[in-house]
Every structure is written in C-alpha cells, then in structure tokens.
Amino acid sequence: MATRYVPLKRSRKVHYRFDLFDYLAECDANYLRLVNLLYSNLSRSLQSTEYVIQKSNSTIEFDVLRPSRYVSIVTVTQRIPVSLPDLMMEVRMFHDVQCAEVVTFQGNETYLARYNTGDPSSRTPDEKSQINRFLGELLDWCINKGEARS
C-alpha cells in the first residue's frame, strides 16, 4: 500500500492592518484635547502656554507656531528635570475637519501608515498610530494633572 504525500500546511503570518477609522478617531480626540488646553476665551484663538505637572516635576510647553484659519502648527515639548533628552513633537491641527496629527516626533519627519516587519529602520508596523496615541495620553495627563502657566 502506497502512502500518500500530504504537504504540510504553512501558517499564514497575520500582518498589521492600518485601521483608518480608529486612527481618525484618535486624531479627532487629540484636536479636542488641544483646543481644551490652548483655546483662550479672551483672544478667541489658540494661545501658547505651559503646563506644570507637580508630582513629576516636568513641564510641557505648547507653542503655537503658525496659527491660520485652516491649519495651525503646534510644537509640544516636555522638559524633564532628569538627564533624559527633552521630548519634542510637532502637531498639525486641521481646523476645518477638526483633526490633529503628529507630523514630527523627536526630529523624525516621515511616518508611513504601515511598515513591514523586516524594515531595516527597525520601526514597528503601527508606529504612526502609536505616536498619535501617545500624544493623546500626554494631553490627557496635562488636562487631568497639569496647572497652566501663561
């Protein structure tokens, strides 16, 4: 009796899929958080400000670089008193669609929506989503624990 050759089934790798709706929801929430932190009722515009987080002894500075009717650019800098480098990111706020997206993070500019796992630059597949999620957590931290200094 001859044995039948049965090929082994190869497991398929599950690839990361960029979820556009989750990404846009995070960017929309970040816009609302930034407006909550930076909008001044007196001048009816976005104002540069600084938040101090008492328990961590760190300050987070928000500088509105180029305010305009449709797009504003805000730099976010966290200054930590220990010997770590400052955290710096640049956020683009789109006022017409009420969305805020991180454009640069620690000097790196271009972020793709998805990276391959064997990427030589050693980036995670969902790095763009993680950076915007991190911005949301930083903004929540300022809203809940920070004291504004103008």
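Right above here is the structure, for reference.
In this numbering scheme, every chain counts its residues from 1 along its sequence in written order. Where local features are concerned, this predicted model is filtered to residues with pLDDT of at least 70; where side-chain atom pairs are given and counted, the filter is 80 or more; whole-chain, interface and lining totals use all residues. Side-chain metrics in this entry use all non-hydrogen atoms of the structure; hydrogen atoms and water are not considered.

Concerning the pattern of salt bridges
Any carboxyl oxygen of Asp or Glu within 4 Å of a side-chain nitrogen of Lys or Arg constitutes a salt bridge here. Throughout the structure, instances matching the rule amount to five salt bridges. Notably, a salt bridge pairs Arg79 with Asp86, separated by 2.6 Å at the nearest N-O pair. Bridged by salt links that share partners, the residues Glu26, Arg33 and Asp140 form one connected network.

Points about the environment of Gln130
Each helix is a run of DSSP H or I of at least 4 residues and each strand a run of E of at least 2, with the numbering of both proceeding from the N terminus. For Gln130, the position within the fold is in helix α2 (residues 127-145). A C-alpha to C-alpha distance of 9.6 Å links Gln130 and Tyr23, two positions 107 residues apart in sequence.

A look at the packing of helix α1 (residues 20-38) against α2
Packed helices, taken two at a time, are described by the angle their axes make and the gap between the axes. One way to put it is that α1 packs onto α2 with a least axis distance of 9 Å and a crossing angle of 30°. Here α1 lies roughly parallel to α2, going by the angle between them. Here α1 and α2 pass one another in a crossing that is left-handed. Two secondary-structure elements touch here, α1 through Tyr23, Glu26, Cys27, Asn30, Arg33, Leu34, Asn36 and Leu37 and α2 through Lys128, Ser129, Asn132, Arg133, Leu135, Gly136, Leu139, Asp140, Cys142 and Ile143. Three classes are used: nonpolar for Ala, Val, Leu, Ile, Met, Phe, Trp, Tyr, Cys and Pro, charged for Asp, Glu, Lys and Arg, and polar for all others, with Gly counted as polar. Its residues placed into classes, the contact of α1 with α2 shows eight nonpolar, five polar and five charged. Only the stretch in contact is used when fitting a helix axis, every axis being a line fitted to C-alpha atoms; angles between N-to-C directions are given from 0 to 180 degrees. By definition in this entry, angles of less than 35 degrees are roughly parallel, angles greater than 145 are roughly antiparallel, angles of 65 to 115 are roughly perpendicular, and the rest are oblique. By convention the crossing between two helices is left-handed if the near helix lies anticlockwise of the far one by an angle smaller than a right angle, and right-handed if it lies clockwise. In what follows, residue pairs with any heavy atoms lying within 4.5 Å of each other are defined as contacts.

Observations regarding the sheet that holds strand β7 (residues 99-105)
Strands qualify as paired when DSSP identifies two bridges or more between them. The strand order β7-β6-β5-β4-β3-β8 describes an open sheet built from six strands, whose pairing is antiparallel. Edge strands, defined here as strands with exactly one partner in the open sheet, are β7 and β8 (146-149). The average angle at which neighbouring strand axes cross in this sheet is 25°, direction not considered. In this sheet, strand β4 (residues 58-66) lies alongside strand β3 (residues 49-53) in antiparallel orientation, the contact comprising five bridges. When the sheet's bridge partners are listed, Thr49 is paired in β4 with Phe62. Strands in contact with α1 are β3, β4, β5 (71-79), β6 (87-94) and β7; relative to β7, the strand with the most contacts, it is inclined by about 95°. Relative to β7, α2 is tilted by about 110°, and along the sheet it contacts β3, β4, β5, β6, β7 and β8.

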